[in-house]
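Next come the chains, spelled out residue by residue.
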Amino acid sequence: MQIVQHSQQTLKTALISKNPKLVSQYEKLDAREQRLMNEAFQPASELFGPITLHSQSDWITSHPEAPQDFEAFFSNPYRKTPSPEKHSIYIQSIGALGNTRVISEEYIKWLKGYCEAFFYGLKVKLLEPVSVSATRCSFRVNDHTHNLQIHAGQILNFLKKKKPNDAFCVVGITMIDLYPRDSWNFVFGQASLTDGVGIFSFARYGRDFYTSHYEGKVKKLQKKSSNDYSIFDNYCVPEVTSVLLLRSCKTLTHEIGHIFGLRHCQWLTCLMQGSNHLEEADRRPLNLCPICLRKLQCAIGFSIVERYKALVRWIDDESSDTPRATPKHSREDNVNLPKPVEAFKEWKEWIIKCLAVLQK
Ligand SMILES: [Zn+2]
Ligand SMILES: [Zn+2]
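Residues numbered from 1 in each chain as written. Chains lettered and ligands numbered in written order. Predicted model: local features only at pLDDT ≥ 70, side-chain atom pairs only at ≥ 80, totals over all residues.

The protein is annotated in an unreviewed UniProt entry as Archaemetzincin-2 from Cavia porcellus. Turning to the protein, the UniProt record has this under Cofactor (unreviewed entry): "Zn(2+)". Recorded under Function (unreviewed entry), the UniProt text for the protein is reproduced unchanged: "Probable zinc metalloprotease." (UniProt positions renumbered as here; feature names shortened; annotations may be inferred.)

Structural data, given as structure tokens:
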């Protein structure tokens, strides 16, 4: 295992920058917020640690790219920022997310609530779910996995056309695997930052995707015509497990982070770290490092304390083992998603430590 160790000075510059305008912008932040973010370059910080590399196939080793410090983020002329008129994140589900309508609904509501706390200050809204056929996208059977795949770029065009006036971005989520072009095997997701749209598939986050007994295998594509979407009727949906839920909320917040202009993080352990494979994606924490947190705060303008409090409230209400005070459903409608309680419990403990620094 290798550690990506930056000097205190490097981290300090990545966070605060040497540009006098950005230094003074930083100094105008709430003193408590500065104290928390300065933990980025405290050598023995309990809150933020270095990135560890576990193999040659990890992201940083296999995708050398220039790291993005706060200044590079801030001065990117192509970066899009929410405005009072465009202040909503829309989530569009494509095809079923769970095996029943109620599971699909609970699942997407859970993601919505999480995103609303994570991107605190923005509204998160759900678009009416659509079937694959409604998108009119191309599809195929993957030669290696024999699972169905839909064309990511065409889904992006579909989302772009549907983008409501108050949307900062629209993100599509689906349980069907994606391909970006004929010659590619697959892609986890694709986004257009200029159009503010993204599509992400959680198909490969399910338990059985890579196994030979995966139920999404299509023996042969009995394709009558490329307009016949009946093959998607009752197509396999992975079982909603706590692992799938955890992976999907990490992925969704990571990918929406890209739409805000945050590039892969190479500074400290962080949700925005790139990942090349599932094991590396699972290693990513739920939280942002201070450098990425400053970027997101600069884009949205939230109070860090209020954002952390909103996350704690959401964890208490939606992802802890203590039942919520007011049940939201009648008894027969009530489904209990297998929430990743342990992961969120740990994260809550971490947030509480941050709040202690912020409220000293
Ligand atoms: Zn990424
Ligand atoms: Zn980061």
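That shown, we press on.
**Student:** Help me out: how do you make sense of the overall build of the protein in this one?
**Tutor:** Check the secondary structure of the protein and you find 13 helices and ten strands. By the compact-globule yardstick of 21 Å for 360 residues, the protein fits well, its C-alpha radius of gyration being 21 Å. Evaluated residue by residue, the protein yields a buried proportion of 38% over its 360 residues. (Helix = DSSP H or I, 4+ residues; strand = E, 2+ residues; numbered from the N terminus. Rg over C-alpha atoms; globule rule 2.2 N^0.38 Å. Buried ≥ 20, exposed ≤ 12 C-beta atoms within 10 Å, placed from the backbone.)

**Student:** Just checking my understanding: could you explain the packing of helix α12 (residues 304-318) against helix α13 (residues 341-358) for this structure?
**Tutor:** Each pair of packed helices gets described by two things: the angle between the helix axes and the distance between those axes. The contact between α12 and α13 brings their axes to 10 Å, and the two run at 150°. It follows that α12 is roughly antiparallel to α13 by the angle criterion. Two packed elements cross with a definite hand, and for α12 against α13 that hand is left-handed. Contacts between α12 and α13 pair I304, V305, Y308, L311, V312 and I315 from the former with F344, W347, K348, I351, C354, L355 and L358 from the latter. (Axes fitted to C-alpha atoms, helices over the stretch in contact; angles between N-to-C directions. Parallel < 35°, antiparallel > 145°, perpendicular 65-115°, else oblique. Left-handed = near helix turned anticlockwise from the far one by under 90°. Contact = placed C-beta atoms within 7 Å.)

**Student:** Would you explain the pairing of strand β6 (residues 148-151) in this entry?
**Tutor:** Put simply, side chains in a regular strand alternate between the two faces of the sheet. Of the two faces of β6, the one carrying L148 and I150 and the one carrying Q149 and H151 are both buried. Direction of pairing for strand β5 (residues 139-141) relative to β6: antiparallel, over a ladder of three bridges. The partner of R140 across the bridge, within β6, is Q149. Where β5 folds back onto β6 in an antiparallel hairpin, the turn is made up of six residues, including H146, whose phi is positive at roughly 60°. (Pairing = 2+ DSSP bridges.)

**Student:** Mind showing me how you'd approach the nonpolar core here?
**Tutor:** Grouped burial of nonpolar side chains is what soluble globular proteins tend to show. By size, the foremost hydrophobic cluster in this structure holds 89 residues, and its most contacted members are C289 and C292. Every residue in contact with C292, bar those within four places of it in the chain, is listed here: L262, C265, C270 and M272. (Core = buried A, V, L, I, M, F, W, Y, C linked by C-beta atoms within 7 Å.)

**Student:** Sorry if this is basic, but what is going on with the environment of F188 here?
**Tutor:** Structurally, F188 can be placed in the loop between β8 (177-179) and β9 (189-192). The residues contacting F188, other than those within four sequence positions of it, are F200, S201 and R204.

**Student:** What is the right way to look at the sheet that holds strand β7 (residues 167-174) in this model?
**Tutor:** Pairing between sheet strands relies on hydrogen bonds along the backbone, with the strands arranged either parallel or antiparallel. Spatially, β4-β3-β7-β10-β9 is the arrangement adopted by the five strands of the open sheet, whose pairing is mixed. Whereas interior strands pair on both sides, the edge strands pair on one side only; in this sheet they are β4 (123-126) and β9. The sheet shows a mean angle of 20° between the axes of neighbouring strands, taken without regard to direction. With seven bridges connecting them, strand β3 (residues 88-94) and β7 associate as parallel partners. Residue pairing for β7: S93 is matched across the bridge by I173. Across the face of the sheet, helix α6 (residues 101-118) comes into contact with β3 and β4 while running at roughly 155° to β3. Taken strand by strand, helix α8 (residues 152-162) contacts β3, β7, β9 and β10 (197-201), and its axis lies near 135° from that of β10.

**Student:** What is the right way to read helix α1 (residues 8-16) from this model?
**Tutor:** One turn of the α-helix equals 3.6 residues, which is why residues spaced by three or four share an orientation. Among the residues making up α1, those that are buried are L11, A14, L15 and I16. Those residues of α1 that are buried lie in contact with α2 (20-27), α3 (31-37), α5 (70-74) and α11 (290-300). S17, located one to two residues past α1, shows a positive phi value of around 85°.

**Student:** Any chance you could explain the sheet that holds β6 here in plain terms?
**Tutor:** A sheet is described by the order of its strands in space; here three strands give the open sequence β5-β6-β8, paired in mixed fashion. At either end of the open sheet lies a strand with only one pairing partner, and these are β5 and β8. Averaged over neighbouring strand pairs, the angle between their axes works out to 40° when direction is ignored. In this sheet, β8 lies alongside β6 in parallel orientation, the contact comprising three bridges.

**Student:** Can you walk me through unusual backbone geometry in this structure?
**Tutor:** Across the chain, the bulk of peptide bonds are trans and the bulk of non-glycine residues have phi less than zero. The phi angle at S17 is positive, at roughly 85°, despite the residue not being glycine. Within the secondary structure, S17 sits in the loop between α1 and α2. Take S17: there are 21 C-beta atoms within 10 Å of it, and that puts it in the buried class. The backbone phi angle of R136 is positive, close to 55°, even though this residue is not glycine. Structurally, the position occupied by R136 is in the loop between α7 (132-135) and β5.

**Student:** Sorry, what's going on with the packing of α6 against helix α9 (residues 242-259) here?
**Tutor:** Closest axis-to-axis distance for the α6/α9 pair is 10 Å, and the angle between their directions is 45°. Here α6 lies oblique to α9, going by the angle between them. Seen from above, α6 lies across α9 with right-handed handedness. The residues of α9 that touch α6, namely those facing L111, Y114, C115 and F118, are S248, C249, L252, T253 and I256. Each residue belonging to the contact of α6 with α9 can be placed in one class, and the counts come to seven nonpolar, two polar and no charged. (Nonpolar A, V, L, I, M, F, W, Y, C, P; charged D, E, K, R; others polar.)

**Student:** Can you walk me through the environment of R140 in this structure?
**Tutor:** Following the sequence through the fold, R140 ends up in strand β5. Judged by the 17 C-beta atoms lying within 10 Å of it, R140 falls in the partly exposed class. Separated by 38 residues in the primary sequence, R140 and L178 place their C-alpha atoms 9.5 Å from one another. Each residue touching R140, except ones within four places of it in the same chain, is listed here: Q149 and Y179.

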